[in-house]
Amino acid sequence: MNQFLYSTLFIVSIATVLHSTYAALTMEEIISTGKILRNHCQPKAGVSDEVLAEASNGHFTEDDAFKCYLACMMGLSHSLKDGKYQADITIQMADDLLPPEISAKVKNVAEKCRNAGDGFDNDCETAFALTKCAYAADSEFFYLP
């Protein structure tokens, strides 16, 4: 990772921690953070805008670049570590960072999908299974940066 990305992620992390002390993130801040993550993971994985647009609508392609984009996004958000879904961390971050109406939905999906990534041999396949589960659990709430 280059120095700019480290600096950006550090600033976002600090801002998030400071902000969470006072209030939950706004939807605008959530979208902005998603764009930062996407700007890092999309070129790293090599996934196209078209594949991401389709996935936002629940059309998940068996594309390795897409699967690895999901793993990158989940890794940066601490939801995926060493091939394992970190449901408890996801739930704690939802409580700490998100408005109650969004937090409740994230926690519900995290619980429903807690074991959806079990049994896969790499982060990309695990992330793909988790993403499909999240969409199936609450397609109206599904958000993919």
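Bear in mind the structure is a predicted one, so any value in this text is a computation, not a measurement. (Residues numbered from 1 in each chain as written. Predicted model: local features only at pLDDT ≥ 70, side-chain atom pairs only at ≥ 80, totals over all residues. Heavy atoms only, no water.)

1. A short note on the nonpolar core
Right, so step 1: With 26 residues, the main nonpolar core has V47, F66, Y69, L70 and L144 as its most contacted residues.
Right, so step 2: For this core, the secondary-structure elements that each account for two or more residues are helix 2 (27–45), helix 3 (49–56), helix 4 (64–76) and helix 7 (123–137).
Right, so step 3: When residues of this core are assigned to their parent elements, the largest contribution, eight residues, is made by helix 4.
Right, so step 4: Sequence-distant contacts of L70, defined by excluding residues within four places in its chain, comprise A127, F128, T131 and L144.
Right, so step 5: In this structure, I30, L98, I102 and V106 belong to the second largest nonpolar core, which totals seven residues. (Core = buried A, V, L, I, M, F, W, Y, C linked by side-chain atoms within 4.5 Å. Buried < 20%, exposed > 50% of the residue type's maximum accessible area, 1.4 Å probe, protein only. Helix = DSSP H or I, 4+ residues; strand = E, 2+ residues; numbered from the N terminus. Contact = heavy atoms within 4.5 Å.)

2. Comments concerning the packing of helix 4 against helix 7
Right, so step 1: The interhelical angle for the contact between helix 4 and helix 7, taken along N-to-C directions, is 85°, at an axis separation of 7 Å. Classified by the angle between their axes, helix 4 and helix 7 sit roughly perpendicular to one another. For the pair helix 4 and helix 7, the contacting residues are D64, F66, K67, C68, L70, A71 and M74 in the first and D123, C124, E125, A127, F128, L130 and T131 in the second. (Axes fitted to C-alpha atoms, helices over the stretch in contact; angles between N-to-C directions. Parallel < 35°, antiparallel > 145°, perpendicular 65-115°, else oblique.)

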